[in-house]
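Coordinate inspection notes
Residue-level listing of the chains:
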Amino acid sequence: MLDEFQTGSVSALEMFLEQVGYDLTTLNADNKTDLQQSQMNDVIALAPKAIILAAVDFNALAPSVDAARAAGIPVIEFDRQISSTVSDFTSVAGTIEIGHVAAAEVERLLTEKNGSVKGKVLQVLGDPGDPYTLDIQKGFEQKMAAFPEVTIISQPAMMWEASNAGTIVSDQLLANPDIDIVFSHAAHLSVAAVASLEAAGKQPGDVYVMSSNGAPVALQMIRDGWMQVEVEQPLYAQAAAVAMFMDKIVAKEEIAPGEYDVLGLPSVVTNEAWGPTIKIPGAAITPDNVDDPSFWGNLKPPAAPVTPVD
Amino acid sequence: MQPNQRRSLEFALDNLVWFMLLAVLVVFSLTVPNYFQLGIFANIIEQSSVLGVMSIGLALVIIAGHMDLSVESVAAFSAMATGILFASSGIGMGITLTPGWLVVPVSILVGLGVGAAIGALNGFLVIKIKMNAFIVTLSSFIWVRGLVVASSGGRSAQNLADELRFLAIQRVLGIPLTAYIAIVCFVGFSFMMAKTRFGRHLLMIGGNENAAFRAGIKVDKVLMIAFILSGAIAALAGWLLAIRTSGATANLGAGMLFNAFAAVVIGGVSLKGGLGALPGVYAGVLLLSSINTAINLMGLPAHYTQVIHGLLVLAAVLLDTLKQTIRKKLA
């Protein structure tokens, strides 16, 4: 639990699950796949009502998911979708979709800055061994392929470490002084990116900055003028969706596909090859809507309790 | 061999890492687009600040024949302490002092105090309790990083006080003030190692602890100071890291330990102790930063950085072995 999204997720899941009558115990895998596999083995032995898993590695945890389900324990994938095996429920914003939202915002920002969709984007990924960042990159570049006049330079910040992102930005600013947008795959990387921009003598708005996950620090940077867009992962809604369906998951009842209202966000449940999945779309946070209390980065959890789906 | 030839050979052996650095800079300047510019060289020096300072403390303990694996976590803890106290966003308390510049010495003292305390604990366990330094400092590496996560709750502290950020933004001759702090540290500690009794004692203890003891050197005291210095210097590195990134996150500095080890080994410090000089370590740090920068500019996947670092360390150890063989023949 080394970033604010993960710690925020734990708090939100605890709160919403308590509202529907469940206690949550949290284990921290410290971003280590092997540790998470061991934790899964241990937890299976404890026979909980259900396991909520934010998989470090999308594929490596599949055997652990299978083992839990074989032991009769339902498994819920939270935020990180495992598509290589079947789970009982998946609640995600969709990493590919985050990339799509980011691409739409890049399209808008470049048009605003350069008159058309052309320019140079520095994409600062997280750790290159993490499929989460690779999926965002995939979604982003899928959409950006339609704009041949946009050059994308992609560099990974090893271990999601902020100073690595700062180093990449300071080097690239010299090699490519015409960079229009820096797009980091997490808000804490953007903080270091902004520090490098500031150290290079840039003023807010000289180079556009955007990132994803919607952490409080990103919203603060939008208010300070350094950041133009943050693609939010709807943390509260993702957690609330788990709580809304928890009774059905534990009772192993069918979850009907269709539209559901999750904390006011229209969300769709579909039956996928990997099981029932609710996708809650991420939103683009800009200076115009940054104070919207529904963004988890404003740290104002919903006052109304969630109710289980009948 | 003629005395002149011998002197030249010894000079080359003593400064091998600087020649390697020069060669690497020339090759990259000729082959990597946009590499040859003053701004890039300034970046290399700036990016070396944190790792450089951290490597000094590590080198002191290794020269003394021991090990300190806790430097990375100590740096992270110092960065987080600085962030929590003096950053205004996230979990930062945004403490302000009057006059404002007081935040610089106060934050340094907080960091140094934290680092020195952890270093003293490491030293006590190794020297007084006679525990293995590798295990003691490995344990510190883990529990201190745990403290970083626990104290921050996984959240970050951002927007460091302007007086601190000034050190990262203000440039003299194109280089930020933080880099000068690192350079002053290298000059100061190099002088200490070369010209003071403490430095000579460290080398002697690292070469042969029993012989140093029999020669009347207060081995325990010198080693304890080395561990405390290592902790305090790592904390200074963390303070610089917080200033560089304008705050702290729970995983800040992750992976730096291995780069610090690489720099120390490439810089010619023997892992067996008793051998090595800090200017060589600084050259090792610059060498690693030069390679990182080249990889950034070439657009190579970052995995290559690790591959190249690993091969470079291996090459450095091979060269070191070759150096020792040549020196034996010269003797």
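Cut-off values and rules
- Residues numbered from 1 in each chain as written.
- Chains lettered and ligands numbered in written order.
- Predicted model: local features only at pLDDT ≥ 70, side-chain atom pairs only at ≥ 80, totals over all residues.
- Helix = DSSP H or I, 4+ residues; strand = E, 2+ residues; numbered from the N terminus.
- Rg over C-alpha atoms; globule rule 2.2 N^0.38 Å.
- Buried ≥ 20, exposed ≤ 12 C-beta atoms within 10 Å, placed from the backbone.
- Contact = placed C-beta atoms within 7 Å.
- Right-handed = clockwise from strand over helix to strand, strands pointing away.
- Pairing = 2+ DSSP bridges.
- Nonpolar A, V, L, I, M, F, W, Y, C, P; charged D, E, K, R; others polar.
- Core = buried A, V, L, I, M, F, W, Y, C linked by C-beta atoms within 7 Å.
- pLDDT = per-residue confidence, 0-100.
- Expected span 1.5 Å × (residues − 1).
- Axes fitted to C-alpha atoms, helices over the stretch in contact; angles between N-to-C directions.
- Parallel < 35°, antiparallel > 145°, perpendicular 65-115°, else oblique.

Okay, the overall build of chain B next. Summing up its helical and strand segments, chain B has 14 helices and five strands in all. The C-alpha atoms of chain B give a radius of gyration of 20 Å, which matches the 20 Å a tight globule of 331 residues would have. Split into buried and exposed, the 331 residues of chain B put 51% on the buried side. Counting only contacts in chain B whose residues sit at least 6 apart along the sequence, the fraction spanning at least 24 positions is 79%.

What follows is about the overall build of chain A. From N to C terminus, chain A includes nine helices and 12 strands. The globule rule puts the C-alpha radius of gyration for 310 residues at 19 Å, and the 20 Å found for chain A is close to it. Each principal axis of the C-alpha atoms in chain A carries an extent, and together these give about 55 × 40 × 30 Å. Counting over 310 residues, chain A shows a buried share of 53%. Looking at chain A alone, contacts between residues at least 24 apart form 70% of all its contacts between residues at least 6 apart.

Turning our attention to the pairing of strand β4 (residues 119–125) of chain A. Residue and element names in this part refer to chain A. In terms of burial, β4 is largely enclosed, as six of its seven residues are buried. Following the chain from β4 across helix α5 (residues 131–144) to the adjacent parallel strand β5 (residues 150–156), one finds a crossover that is right-handed. Where β4 and strand β6 (residues 181–184) come together, four bridges link them in parallel fashion. If you follow Q123 over to β6, its bridge partner there is F183.

On the side of chain A, 33 residues touch chain B, which itself brings 37 residues to the contact. For the side of chain B that touches chain A, the secondary-structure elements that each account for two or more residues are α3 (38–63), β1 (87–90), α7 (162–169), α11 (219–245) and α13 (278–298) of chain B. Sorting elements by how many residues they give to the side of chain B that touches chain A places α3 of chain B first, with five residues. Split into classes, the residues belonging to the side of chain B that touches chain A amount to 13 nonpolar, 22 polar and two charged.

What follows is about the nonpolar core. Judged by nonpolar contacts, the single largest core of 201 residues is most densely connected at A240 of chain A together with M54 and A75 of chain B. Considering every element that reaches this core, the biggest residue donor is α11 of chain B, with 17 residues. With residues up to four places along the chain from it excluded, the contact list for A75 of chain B reads M54, A234, A235, A237, G238, L241, G253 and M256 of chain B.

Model confidence for chain B is summarised by a mean pLDDT of 91, while 98% of its residues fall at 70 or above. Of the two predicted TM-score estimates for the complex, the pTM is 0.86 and the ipTM is 0.83.

Residues and elements named next belong to chain B. Spanning 26 residues, helix α5 (residues 103–128) covers 36 Å between terminal C-alpha atoms, matching the ideal 38 Å at 1.5 Å per step. Of the positions making up α5, those classed as buried are V103, S107, G111, L112, V114, G115, A116, I118, G119, N122, G123 and V126. Close packing links the buried residues of α5 with α4 (71–86), α6 (133–152), α7 and α11. Where α5 ends, the next residue or the one after it, K130, has phi of about 65°, a positive value.

Looking now at the confidence of the model for chain A. Mean pLDDT over chain A: 92, with 99% of residues reaching 70 or higher. Mean pLDDT values for the elements of chain A range from 90 in strand β10 (residues 265–272) of chain A up to 98 in β6 of chain A.

Residue and element names in this part refer to chain A. Judged by pairing direction, the sheet is mixed, and its six strands sit side by side in the order β5-β4-β6-β7-β8-β12 without closing on themselves. One side of each edge strand has no neighbouring strand; the edge strands of this open sheet are β5 and β12 (283–285). The average angle at which neighbouring strand axes cross in this sheet is 20°, direction not considered. Strand direction decides the pairing type here: strand β8 (residues 229–232) and β12, joined by three bridges, are antiparallel. In the strand pairing of β12, E230 is matched with I285. Sitting on the sheet, helix α6 (residues 162–175) is in contact with β4, β5 and β6, with an inclination near 160° to β4.

For the bond running from T98 of chain B to P99 of chain B, omega is -5°, close enough to zero to count as cis. Residue position: P99 of chain B is located in the loop between β1 and α5. For M159 of chain A, which is not a glycine, the phi torsion comes out positive at approximately 60°. Following the sequence through the fold, M159 of chain A ends up in the loop between β5 and α6. Its identity as a non-glycine residue notwithstanding, L299 of chain A has a phi of 55°, on the positive side. By the element assignment, L299 of chain A lies in the segment after β12. Residue classification places L299 of chain A among the exposed positions, given that 12 C-beta atoms sit within 10 Å.

Structurally, T111 of chain A is set in helix α4 (residues 95–114). Look past the residues within four positions of T111 of chain A in its chain and what remains in contact with it is S116 and V117 of chain A.

Of the strand pairs in this sheet, strand β9 (residues 258–262) of chain A and β10 of chain A are connected by five bridges, and their pairing is antiparallel. Opposite G258 of chain A, over in β10 of chain A, you have V269 of chain A as the bridge partner.

Turning our eyes to something else, we now look at the sheet that holds β1 of chain B. All names here are of chain B. Reading across from one edge, β1-β2-β5 is the order of the three strands in this open sheet, with antiparallel pairing throughout. Every interior strand has two partners, whereas the edge strands, β1 and β5 (247–248), have only one. Sheet analysis places strand β2 (residues 157–160) next to β5, joined by two bridges and oriented antiparallel. Looking at the pairing, A157 lines up with A248 of β5.

Moving on, we get to the packing of helix α8 (residues 177–195) of chain B against helix α9 (residues 197–207) of chain B. Packed helix pairs are specified by the crossing angle of their axes together with the interaxial distance, meaning the distance between the axes. Residues and elements named next belong to chain B. Viewed as axis vectors pointing N to C, α8 and α9 meet at an angle of 70°, and their least axial separation amounts to 5 Å. Accordingly, the angle class assigned to the pair α8 and α9 is roughly perpendicular. On the side of α8, the interface is formed by M192, M193, A194 and K195, while α9 contributes F198, G199 and L202. Considered class by class, the residues forming the contact of α8 with α9 number five nonpolar, one polar and one charged.

By secondary structure assignment, the location of G39 of chain B is in helix α3. Taking the C-alpha atoms as reference points, G39 of chain B and I175 of chain B, 136 residues apart in sequence, are found 8.7 Å from one another.

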